[in-house]
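Each chain is listed here by its residues.
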Amino acid sequence: MHVSSDLVFDGEHAPYTDDSEPSPLDNPYAQAKAEAERQVAAIHPGVAIVRPSLIWGLDPLDHQTKWLVDGVKSGSAVSLFTDEIRCPVFVNDLADWLIELAARRDLTGPFNAVGTQALSRWEFGQKLMRKLGLRPGPNVKAALSKDLGLNRARNLTLEARRAGLLRREHWLPN
């Protein structure tokens, strides 16, 4: 099994299926992930390639959620992009699914292992703050990644047809 990323796609042709061909943006991380997929598949044709999206966790807090919580609590600037869409997946759900996949040698090829909700980082951040009982102050602002000059994929909505829906999804309140 090889764990990759949704960032193997350019974000311009969503939704991406399990069989969509990688088309990464011109940035080192995305290029490296796509190249790793190619090399692993060439060496091990029967490999399962898993493409998770934005991975989040609460115990302990994942890096991005901790950044959000710390920013809200300290009053420092927090910019959440409205022009970047992902399909966040809860880390425990992803781990359970990876264990299940590892036990199934008959499942090979690419698998989009994502949650069912396509959300902007702004929407996702709002849901996380509600779940954690945080009240965002004026320091938490909607932003556009393009205005900051970042080369990021815009819409990484992935369909998880081969993987099916994760069995125990921890969705955030509306």
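Report follows, based on the coordinates. (Residues numbered from 1 in each chain as written. Predicted model: local features only at pLDDT ≥ 70, side-chain atom pairs only at ≥ 80, totals over all residues. Heavy atoms only, no water.)

The parallel open sheet is built from three strands, whose spatial order is β1-β2-β7. Where the open sheet ends on each side, the last strands, each with one partner, are β1 (2-3) and β7 (109-113). Of the pairings in the sheet, the one linking strand β2 (residues 48-52) to β7 comprises five bridges and is parallel in character. Residue I49 lies in a different strand from β7, and its bridge partner there is P110. Its contacts with the sheet place helix α3 (residues 91-102) against β1, β2 and β7, and it is angled at close to 170° to β2. (Pairing = 2+ DSSP bridges. Helix = DSSP H or I, 4+ residues; strand = E, 2+ residues; numbered from the N terminus. Contact = heavy atoms within 4.5 Å. Axes fitted to C-alpha atoms, helices over the stretch in contact; angles between N-to-C directions.)

Our focus in this paragraph is the packing of aromatic side chains. For the structure on display, the rule yields four aromatic pairs. Seen from their ring centres, W56 and F90 are 4.7 Å apart, and the 55° between their planes marks the pair as tilted. Separated by 34 residues along the polypeptide, W56 in strand β3 (residues 55-56) and F90 in strand β6 (residues 89-90) bring together distant segments of the chain. On the basis of relative accessibility, which here comes to 1%, the residue W56 falls in the buried class. Residue class for F90 comes out buried when judged on its relative accessible area of 10%. Taken together, the aromatic side chains of W56, F90 and F124 make up a single cluster linked through ring pairs. (Phe/Tyr/Trp six-rings, centres within 6.5 Å; stacked < 30°, edge-to-face > 60°. Buried < 20%, exposed > 50% of the residue type's maximum accessible area, 1.4 Å probe, protein only.)

A few words on helix α2 (residues 63-74). A rise of 1.5 Å per residue sets the reference length of α2, with its 12 residues, at 16 Å; its end C-alpha atoms lie 16 Å apart and thus fit the reference within 8%. At its buried positions, α2 is contacted by β3, β4 (78-81), α4 (121-131) and β9 (140-143). The residue sitting at the N-terminus of α2 and contributing the capping side-chain oxygen is D62; that oxygen lies 3.1 Å from the backbone nitrogen of Q64. Immediately beyond the C-terminal end of α2, within one or two residues, lies G75, with a positive phi of roughly 85°. (Expected span 1.5 Å × (residues − 1). Polar contact = N/O pair within 3.5 Å; in protein donor to acceptor, adjacent residues only side chain to side chain.)

Turning to its location among the elements, T65 is positioned in helix α2. When its relative accessible area of 2% is taken as the criterion, T65 is described as buried. A distance of 2.5 Å separates polar atoms of two side chains, one belonging to T65 and the other to D62. In this view, T65 contacts W56, G57, L128 and L132; residues no more than four positions away in its chain are not counted.

Take unusual backbone geometry next. A cis amide bond links A14 with the next residue in sequence, P15, at an omega value of 0°. Along the chain, P15 falls in the loop between β1 and α1 (28-43). Put simply, D59 and P60 share a cis peptide bond, and its omega is 5°. You can see P60 is positioned in the loop between β3 and α2.

This part takes up the pattern of salt bridges. Charged atoms that come close allow side chains of opposite charge to pair. Overall, the coordinates contain 10 salt bridges when judged by the stated rule. Between E84 and R152 there is a salt bridge, and its shortest N-O distance comes to 2.6 Å. Placement of the pair is E84 in the loop between β4 and β5 (85-86) and R152 in the segment after β9, with a sequence separation of 68 residues. Since its relative accessible area comes to 2%, E84 is described here as buried. In this structure R152 comes out as partly exposed when scored by relative accessible area, which is 32%. It is possible to trace a salt-bridge network through shared partners that takes in D6, E84, R86, R121 and R152. (Salt bridge = Lys/Arg side-chain N within 4 Å of Asp/Glu carboxyl O.)

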